[in-house]
Amino acid sequence: MSAKELTGTQILMKVLKEEGVDTIFGYPGGAVIDIYDELANTDIKHLLVRHEQGAVHAADGFARASGRTGVCFATSGPGATNTVTGIATAYLDSIPIVIITGQVPTQLIGNDAFQEVDIVGITRPCTKHNYLVKDINSLERILREAFFLARTGRPGPILVDIPKNIQTMKATFNGPQEIVLKTYKPTYKPNVKQLSKVAGLIKNAKRPLIFSGGGAVLSGGSEALTKLAKTMNIPVTSTLMGLGGFPGTDDLWLGMPGMHGTFRANMAISQCDLMLAIGVRFDDRVTGRTDDFAPNATIVQIDIDPTSIHKNIEVAVPIVGDCKIAVEKLNELLAKEEGPEEAPDRSEWANKIKTWKETCPLAYDQKDIIKPQYVVDTFFKMTKGEAIVTTEVGQNQMWAAQYYHFNRPNQFITSGGLGTMGFGLPAAIGAQMACPDALVVDVAGDGSIQMNIQEMATAVQYNLPIKIIILNNRYLGMVRQWQDLFFDKRYSSTTLDHNPDFVKLAEAFGAKGLRATKPEEVESVLKEGLEYKGTVIMEFVVDREENVYPMVPAGKAITDMLLV
Amino acid sequence: MSEKRHILSIQVDNEPGVLSRIVGLFSGRGYNIDSLNVAATNEPHISRITMVTTADTAIMEQIKKQLHKLINVATVHDLTESDYVQRELALIKIHAKMDNRSELINIVNIFRYKIVDVGPDHVTIQATATEDKLKAFIELVTPMGIKEIVRTGSIALYRGN
Ligand SMILES: Cc1ncc(C[n+]2csc(CCOP(=O)(O)OP(=O)(O)O)c2C)c(N)n1
Ligand SMILES: [Mg+2]
């Protein structure tokens, strides 16, 4: 039998199916019209978003909620450039997505053709890798490599740009192949010698601390991490990206560290004698002034990406490898290894942490105006911590991180690295597609929600029962907070006095709109909204000038916290 | 930490866009490129990039790791960490009238460079040298008036195997 010849678009669909892709987010146009025509021959679900940025965030939210690779389509030129913010968002948070863009025909490339843009050039610094397919015979290989690269090693977005003429050309379809990339060999298995050194350090530490991040969640290492903490009785703090990697209601849980971290987490970092840094990259929002970061600690760092090690913080024991594999191995070693004759006394450490917990817990004072913290707190209690929560960016994001306690990985979906306003709504759409039976809620600010509000139409069109909680302070609140604290309250261009009527806006999109203006309405609005079987916006008119505390001013040591 | 010169020898897939990934990495992260040379090797799909950069130890470690992280990069070696041979080719066009011509030829002979083009008021010299020697030569002939100069940037290999 002669080898099968398929068109470019057929090859694309074949590979997508083989990769297990059942959902795509996208937006058509001239340069992908052939792809969309072929897509109609498959049973892959396609969600027509209302802006290509939404497609990428949705694919991203899908990936974060499911642990699978998200996929999106966009046309050439403006379609492709609209994806850039979404791609950079996924890149900074190491999320596996594959972006397929159409390109002008190969013979027109370089001619400033209609809707031609060098998207491979534009996205080079914000993709893990990208491809321009110039030869139909390389299409199948490139597509397989794209999925392979997206999910392996440190995951990330991969863009494949396919010129229009390549889409209709024919080539032999080879079927699944082993992928050989001579120049790409991520290290999964950690150095065991280093790990047994760590086991020794743990057994001898008086004030140990686990500091975990997105890498622990992405590697599927949450279970191993939880076991490590519990069997060794080590308190845990996690970055914004690591929330849910360790149960947020456990006694060993300290809360998030850093700029808006808890008092106890920041104090624990500054006083621990052993820090196990697992899948973190020591972002400046976490470390504050690096000179004063964990000054008393022997730092062990486990990360699959060697560039994350010694980048911002010098560490004593660097370990390159997959977080899950490394922590599992560490647990094994700890079970075998004898401890010191006399186990170090950790009661003082436990007492300190207890005192810190009691002296400065996260708190708010709910009086006659709705406090934004009260909304998140009530939402947490009503949903028993079971919701998948996406966020926008700003104060709303920080309050969600502080007052919703996540017990599972992949439950908190937020733009950590890039801090992209407009992320939460499309990400919720993706998360709901990945988890149709879950309660998916976007905790939003009144500013951010307007950045991708058009995706309300997508949610309603596909009957996605996502819930949006808008903490409406009529400000770009987080920027206003900085102006309040560091710019003499000069609220330059941060006032949002011309917001739309969010209830009417919801209704205009065919969704439900609810509003609470008084504290006593909060519960009933949440109840009605969360129980509603459809897309709903719940607007909470909150205390306008509430600030997020604690706060470590940029460039200060993380123990220099403003507490109220 | 003090900055040092490093000669990096980078083997990459011979594919369009690879150089742009590398240069983009350097400009995006604020690393220095002092000189850069790219050409094919005896292996058909591999090109070699020789790059001279100045960095302190910590940055140098990041540069090497970041280069490695690029999917198309096969190997990265810092030749300055061990024994290496280094050369650079330069073409130097110098003002040469009757009054200084013989002096110039003398200097060229001492350095064992070659004269590859002569005109009524110029001489073009081909110099293959280490960076230091080339620097010394250029200093010596600068008073005569250099009209134009073009240099390949350093290329280098490990000594032995
Ligand atoms: C796309 C984008 N533009 C600008 C910013 C800078 N920024 C960070 S937070 C913020 C204010 C967000 O306002 P809002 O959504 O109302 O949230 P709040 O802080 O009031 O809860 C701004 C403008 C950003 N993070 N992203
Ligand atoms: Mg706001």
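Preceding this section is the structure that the text describes.
Quick look at the structure, then.

1. A closer look at the overall build of chain A
In terms of regular secondary structure, chain A is built from 22 helices and 19 strands. Its C-alpha atoms give chain A a radius of gyration of 24 Å, within 12% of the compact-globule value 24 Å for 564 residues. Overall size of chain A, expressed as C-alpha extent along the three principal axes, is 75 × 60 × 40 Å. Sorting the 564 residues of chain A into buried and exposed places 60% on the buried side.

2. What about the overall build of chain B?
Within chain B, the regular secondary structure consists of four helices and nine strands. Its helices and strands in sequence order give chain B the pattern β-α-β-β-α-β-β-α-β-β-α-β-β, from N to C terminus. Dimensions of chain B along its principal axes, counting C-alpha atoms only, are 55 × 40 × 35 Å. Across the 161 residues of chain B, 43% fall into the buried class. Look at the contacts in chain B between residues 6 or more apart in sequence, and 72% of them connect residues 24 or more apart. Element-wise, carbon and sulfur atoms account for 53% of the exposed surface of chain B, whose accessible area totals about 8900 Å². For chain B, the distance from the average position of its 19 positive side-chain charges to the average position of its 19 negative side-chain charges is 2 Å.

3. Some thoughts on helix α20 (residues 477-486) of chain A
Residues and elements named next belong to chain A. Residues of α20 that are buried: Gly477, Met478, Arg480, Gln481, Gln483 and Asp484. Considering only its buried residues, α20 is in contact with α17 (395-403). Following α20 by one or two positions, Asp488 has its phi on the positive side, about 50 degrees.

4. A word on the coordination of the magnesium ion (ligand 2)
All names here are of chain A. Ligation of the magnesium ion (ligand 2) by protein atoms is provided by Asp446 (OD), Asn473 (OD1) and Tyr475 (O), these donors lying 2.1 to 2.2 Å from the ion. Sequence spacing of the donor residues for the magnesium ion (ligand 2), all on one chain, is D-x26-N-x1-Y. Of this pair, Asp446 sits in the loop between β16 (440-445) and α19 (455-461) while Tyr475 sits in the loop between β17 (467-472) and α20, placing them 29 residues apart in sequence. Classification of Tyr475 as buried rests on a relative accessible area of 7%.

5. Examining the site of ligand 1
Residue and element names in this part refer to chain A. Ligand 1 sits among 17 residues. The nearest are Gln395, Gly419, Gly447, Ser448 and Gly477. Take Asp446: an N or O atom from its side chain is 2.9 Å from an oxygen atom of ligand 1. At a separation of 2.6 Å, an oxygen atom of ligand 1 approaches a polar side-chain atom of Ser448. Protein burial of ligand 1: of its 590 Å² of free accessible surface, 76% is covered by the chains. For the shell around ligand 1, the elements supplying multiple residues, two or more each, are α17 and α20. Counting residues per element, the shell around ligand 1 draws most heavily on α20, which supplies three residues. Per-class residue counts for the shell around ligand 1 are seven nonpolar, nine polar and one charged.

6. Considerations on helix α9 (residues 192-204) of chain A
Residues and elements named next belong to chain A. With 13 residues, α9 should reach 18 Å at 1.5 Å per residue; the first-to-last C-alpha distance of 19 Å fits that figure. Listing the buried residues of α9 in full gives Gln194, Leu195, Val198, Ala199, Ile202 and Lys203. Packed against the buried residues of α9 are α11 (222-232), β11 (274-278), β12 (298-303), β13 (317-320) and α14 (323-336). At the N-terminal end of α9, a side-chain oxygen is found 2.9 Å from the backbone nitrogen of Lys193, two or three residues along, and the residue is Asn191.

7. A closer look at the sheet that holds strand β2 (residues 35-40) of chain B
Residues and elements named next belong to chain B. Strand order in the open sheet formed by four strands is β2-β3-β1-β4, and the pairing between neighbours is antiparallel. The open sheet is flanked by β2 and β4 (73-78), the only strands paired with a single partner. Across the sheet, the mean angle from the axis of one strand to that of its neighbour is 15 degrees, orientation sign disregarded. Pairing of β2 with strand β3 (residues 46-55), which is carried by six bridges, proceeds in the antiparallel orientation. When the bridges of β3 are listed, Ala39 appears paired with Arg48. Taken strand by strand, helix α1 (residues 18-29) contacts β1 (4-13), β2, β3 and β4, and its axis lies near 10 degrees from that of β3. Packing of helix α2 (residues 57-69) onto the sheet brings it into contact with β1, β3 and β4, and relative to β4 it is tilted by some 160 degrees.

8. Here's the deal with the nonpolar core
All names here are of chain A. Of all hydrophobic cores here, the largest spans 65 residues; its most connected members are Ile202, Leu228, Leu276, Ile278, Phe379 and Phe540. In terms of residue count, the dominant contributor to this core is α14 (six residues). Taken domain by domain, the makeup of this core includes at least three residues from each of domain 2 (192-358) and domain 3 (372-541). Look past the residues within four positions of Phe379 in its chain and what remains in contact with it is Ala387, Val389, Tyr404, Val441, Val443, Ile469, Leu526 and Leu530. Judged by nonpolar contacts, the second largest core, of 47 residues, contains Ala80, Ile99, Ala428 and Ile449.

9. Regarding the pairing of β16(A)
For a regular strand, side chains alternate in direction, first toward one face of the sheet and then toward the other. Residue and element names in this part refer to chain A. Counting buried residues in β16 gives six out of six residues, a clear majority hidden from the surface. On β16, burial covers both faces: Val440, Asp442 and Ala444 on one face and Val441, Val443 and Gly445 on the other are all buried. Note: strand β14 (residues 388-391) against β16, four bridges, orientation parallel. Directly across from Ile388, in β16, lies its bridge partner Val440. Relative to β17, β16 is paired through five bridges, and the arrangement is parallel. When the sheet's bridge partners are listed, Ala444 is paired in β17 with Ile470.

10. Here's the deal with the packing of aromatic side chains
Under the defined criterion, the tally for this structure stands at 20 aromatic pairs over all chains. Judged by centre distance (5.4 Å) and plane angle (35 degrees), the ring pair of B:Phe111 and B:Tyr113 falls under tilted. Residue B:Phe111 shares its accessibility class with B:Tyr113, and that shared class is buried. Where B:Tyr113 meets B:Phe137, the ring centres are 4.9 Å apart and the plane angle is 75 degrees; that geometry is what we call edge-to-face. Of this pair, B:Tyr113 sits in the loop between α3 (98-111) and β6 (114-118) while B:Phe137 sits in helix α4 (residues 131-141), and the two are 24 residues apart along the sequence. Accessibility expressed as a relative area gives 0% for B:Phe137, which makes it buried. Linked through ring pairs, A:Phe379, A:Phe380, A:Tyr404, A:Phe406 and A:Phe412 together constitute an aromatic cluster.

11. Quick look at unusual backbone geometry
Residue and element names in this part refer to chain A. Following Tyr549, the chain continues to Pro550 via a peptide bond in cis, the omega torsion being -5 degrees. For Pro550, the position within the fold is in the segment after β19 (536-541). With a phi angle near 50 degrees, Arg474 is a residue other than glycine that sits in the positive phi range. For Asp488, which is not glycine, the phi dihedral falls at a positive 50 degrees. Inspection of the secondary structure puts Asp488 in the loop between α20 and α21 (502-508). Residue class for Asp488 comes out exposed when judged on its relative accessible area of 75%.

Rules used throughout
- Residues numbered from 1 in each chain as written.
- Chains lettered and ligands numbered in written order.
- Predicted model: local features only at pLDDT ≥ 70, side-chain atom pairs only at ≥ 80, totals over all residues.
- Heavy atoms only, no water.
- Helix = DSSP H or I, 4+ residues; strand = E, 2+ residues; numbered from the N terminus.
- Rg over C-alpha atoms; globule rule 2.2 N^0.38 Å.
- Buried < 20%, exposed > 50% of the residue type's maximum accessible area, 1.4 Å probe, protein only.
- Contact = heavy atoms within 4.5 Å.
- Areas by Shrake-Rupley, 256 points an atom, 1.4 Å probe, with all protein chains shown as cover.
- Lys, Arg positive; Asp, Glu negative; His and termini not counted.
- Charge placed at Lys NZ, Arg CZ, Asp CG, Glu CD.
- Donors = N, O, S within 2.8 Å, 3.2 Å for Na, K, Ca; no water.
- Near = heavy atom within 4 Å.
- Polar contact = N/O pair within 3.5 Å; in protein donor to acceptor, adjacent residues only side chain to side chain.
- Nonpolar A, V, L, I, M, F, W, Y, C, P; charged D, E, K, R; others polar.
- Expected span 1.5 Å × (residues − 1).
- Pairing = 2+ DSSP bridges.
- Axes fitted to C-alpha atoms, helices over the stretch in contact; angles between N-to-C directions.
- Core = buried A, V, L, I, M, F, W, Y, C linked by side-chain atoms within 4.5 Å.
- Domains from an automatic or database assignment.
- Phe/Tyr/Trp six-rings, centres within 6.5 Å; stacked < 30°, edge-to-face > 60°.

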